[in-house]
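Residues per chain, in single letters:
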Amino acid sequence: MEKNCDILIKGGTVFDGSGTPGVAADVAVEGKLITAVGDLADWTAREIVDVAGKAVAPGFIDAHTHDDLAVIEQPELRYKVCQGVTTVVVGNCGLSPAPLGPRQEDIAPFTIFRGKDASPGGAPRYPTFGAYLDGIKHAQPWVHVVTLVGHNTLRAAVMDDLFRPANGDEISAMQAHVEEAMSAGADGFSTGLAYPPGLPAPTEEVIALAEVTASHGGIYCTHMRDEGLGLLDSIDETLDIGRRAKLSVVISHHKCSGKVAWGLSKQTLPRIDEGAKTQEVHFDLYPYTASSTGLMADWVEEAERVMIAGSEPVPEAAGRDLAELAAEWGCTVPEAVERLHPARAIYFKMDEADLERILAHPRCMIGSDGLPGDRHPHPRLWGTFPRVLGRYVRERGVIDLATAVHKMTGLTARVFGLERRGILAPGNIADVVVFDPETVIDRADYENPVRLPDGIERVIIGGEVRYEH
Ligand SMILES: [Zn+2]
């Protein structure tokens, strides 16, 4: 065997992504691939990196993102790569930039694509999913991109009125778009049934589209209809869709939203386990007790506190408290919402106990749900992965390090069917992150959300060193 390689990562503790405990091992990278893992004391390399005391893991896979346009407009994706992320799943919550439709303009949640980096008038501007995938190829993003086609986008593409169920012709037209997307290379289908344009869709409409997805071996990811008091019904609906359309399902950003729903994870997790006896079901989570999406009056009501992440007519409102703004303006909160629209917000409305219970569950993957377009983004955009490793592994001991890495790598790769990623082993793509388990931590917070994390030392993507800190 050739005992030579491009990059030799020596002396670290390798967490291979399978969930098994770390072992002392060296890692050899040659070209785009990992060529050897083990005691490589007698190897030579173009570059030898000494990582004694550090952890070496497969590049992290962000199971839930809205980086759809960012991977094209800022291909280096700094806010993710600095966390060790080397693969992102886009097209979540029923929102994808293709196929193009005339109806997205000002309706939440489409406004999440309208940040400083989005095109004027909203993002979806690719006539077909194939055109969007070509756009990604052309941009050559540093990270690997896994794509979903979004139900809300599909509805906007074929329906003149989004606030009713689709009729037979419209369902056929959406099925044709799903067929096109999956044939072009999409990995699955997503819904955002909690949002105004998704909510009117009956379960049957979703199943009709999920069936086309299933015929291509795709996955179904869902921002469920209700994450509050109706959470258990929503889980039942999700499991029903997966069973009847015969495909693997992912519950997006699993949470118990609003004080009335706190503690419901004690019931949701057993319900999911019950489903998992007969079907494939997983979920993702971001490690924060505030959510973030378009600013909507109904959603404001169930939050303890609301912070503005970005507003088009009032850019200086970013980072401000909504109630304070309303007081300053001498108006009601709904009037302030009106004045700020289109806008995005951070909603404080979850409980730490639910978060930790969900995180600890073996079917839980890590997904940031970060919104890259905002002037004052939710800190999850820059902090999710280091926060899990620092706060929830080292400080709080909710899960151990090998398990945390698994939830960011091997588990996610398996759920999304990603070949040669997620496990650090010879023959796999050389996506590798080196971090210091003693210091890794997020530094982005609600007040200062744009900050590099600590402790992520080196990120290699497809054999290229893309980040050093
Ligand atoms: Zn969502």
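The rules behind each value
Residues numbered from 1 in each chain as written. Predicted model: local features only at pLDDT ≥ 70, side-chain atom pairs only at ≥ 80, totals over all residues. Heavy atoms only, no water. Helix = DSSP H or I, 4+ residues; strand = E, 2+ residues; numbered from the N terminus. Rg over C-alpha atoms; globule rule 2.2 N^0.38 Å. Buried < 20%, exposed > 50% of the residue type's maximum accessible area, 1.4 Å probe, protein only. Contact = heavy atoms within 4.5 Å. Expected span 1.5 Å × (residues − 1). Arc of directions from axis to C-beta. Pairing = 2+ DSSP bridges. Axes fitted to C-alpha atoms, helices over the stretch in contact; angles between N-to-C directions. Salt bridge = Lys/Arg side-chain N within 4 Å of Asp/Glu carboxyl O. 1 Å grid on protein atoms, 1.4 Å probe; cavity = no way out; pocket = protein on both sides within 12 Å on 5 of 7 lines; lining within 4 Å. Points joined across faces, edges and corners; volume = space filled by probe spheres on them. Nonpolar A, V, L, I, M, F, W, Y, C, P; charged D, E, K, R; others polar. Domains from an automatic or database assignment. pLDDT = per-residue confidence, 0-100.

What to know about the overall build of the protein chain
When helices and strands are counted, the protein chain shows 15 helices and 19 strands. Against the compact-globule benchmark of 23 Å for 469 residues, the protein chain has a radius of gyration of 22 Å, which places it among compact chains. Based on the C-alpha atoms only, the size of the protein chain along its principal axes is roughly 70 × 50 × 45 Å. When the 469 residues of the protein chain are sorted by exposure, 62% land in the buried category. At a minimum sequence separation of 6, the contacts of the protein chain that also span at least 24 residues come to 76%.

A word on helix α8 (residues 265-276)
With 12 residues, α8 should reach 16 Å at 1.5 Å per residue; the first-to-last C-alpha distance of 16 Å fits that figure. Within α8, burial applies to Ser265, Thr268, Leu269, Ile272, Gly275 and Ala276. Within α8, the buried residues cover an arc of 120° as seen down the axis, which keeps them to one side. Against α7 (231-245), β11 (249-251), β12 (281-285) and α12 (352-360) lie the buried residues of α8.

A look at the sheet that holds strand β8 (residues 144-150)
Sheets are built from strands that pair by backbone hydrogen bonding, the pairs being arranged parallel or antiparallel. With parallel pairing, eight strands are arranged side by side in an open sheet as β6-β7-β8-β9-β10-β11-β12-β16. The open sheet has two edge strands, β6 (60-62) and β16 (364-366), and neither has a second partner. For this sheet, the mean inter-axis angle between neighbouring strands, taken without regard to orientation, is 30°. Judged from the three bridges that link them, β11 and β12 form a sheet pairing that is parallel. Note on β12: the bridge partner recorded for Val249 is Val281. Its contacts with the sheet place helix α6 (residues 203-215) against β9 (188-192) and β10 (219-223), and it is angled at close to 160° to β9.

So, the pattern of salt bridges
If the charged atoms of two oppositely charged side chains come close together, the side chains can form a pair. Applying the stated rule across the entire model yields 31 salt bridges. Notably, a salt bridge pairs Arg164 with Glu170, separated by 2.7 Å at the nearest N-O pair. Since its relative accessible area comes to 24%, Arg164 is described here as partly exposed. Glu170 gets classed as buried once you look at its relative accessible area, which sits at 9%. Notably, a salt bridge pairs Glu204 with Arg244, separated by 2.9 Å at the nearest N-O pair. In this pair, Glu204 sits in helix α6 while Arg244 sits in helix α7, placing the two residues 40 residues apart along the sequence. The exposure class of Glu204 is partly exposed, given its relative accessible area of 48%. Here the residues in one salt-bridge network are Glu204, Asp240, Arg243 and Arg244, joined through shared partners.

A word on the layout of surface pockets
Volume-wise, the largest pocket comes out at about 670 Å³. Lining the largest pocket are 25 residues, with Pro141, Val143, His144, Val145 and Arg421 sitting closest to its centre. Of all the secondary-structure elements, those providing two or more residues to the lining of the largest pocket are α3 (129-139), β8 and β19 (464-468). Tallying contributions element by element places β8 first for the lining of the largest pocket, with four residues. The class makeup of the residues in the lining of the largest pocket is 11 nonpolar, seven polar and seven charged. Among the domains, domain 1 (4-58 + 427-468) and domain 2 (60-288 + 350-415) are the pair contributing at least three residues each to the lining of the largest pocket.

Examining the environment of Glu328
The residue Glu328 is located in helix α10 (residues 322-329) in this model. The class for Glu328 is exposed, based on a relative accessible area of 54%.

Remarks on the side chain of His64
Note that His64 resides in the loop between β6 and α1 (70-73). Not counting the four nearest positions on each side in its chain, His64 is found in contact with Val89, Asn92, Cys93, Ser252, His253, Asp284, Gly367, Ser368 and Asp369.

Some remarks on the confidence of the model for the protein chain
Model confidence for the protein chain is summarised by a mean pLDDT of 94, while 95% of its residues fall at 70 or above. Confidence drops under pLDDT 50 across residues 115-124; counting only partners more than four residues distant or on other chains, this segment forms 22 contacts.

Considerations on the pairing of strand β14 (residues 305-311)
Residues in a regular strand point their side chains to alternate faces of the sheet. A large share of β14 lies buried, amounting to six of its seven residues. Bridge count between β14 and strand β15 (residues 343-348): six bridges; the pairing is antiparallel. Note that in β15 the partner of Ile308 across the bridge is Ala345.

Side note on unusual backbone geometry
Cis peptide bonds are those with omega within 30 degrees of zero, and the linkage from Ala98 to Pro99 qualifies with 0°. Summarising the element assignment, Pro99 is placed in the loop between β7 (85-90) and α3. Here the bond from His341 into Pro342 is cis, since omega is -5°, no more than 30 degrees from zero. The phi dihedral of Leu77 is positive, around 40°, even though this residue is not glycine. By secondary structure assignment, the location of Leu77 is in the loop between α1 and α2 (78-81). Exposure remark for Leu77: the relative accessible area of 0% places this residue in the buried category. The phi dihedral of Asp369 is positive, around 60°, even though this residue is not glycine. Positionally, Asp369 belongs in the loop between β16 and α13 (380-395).

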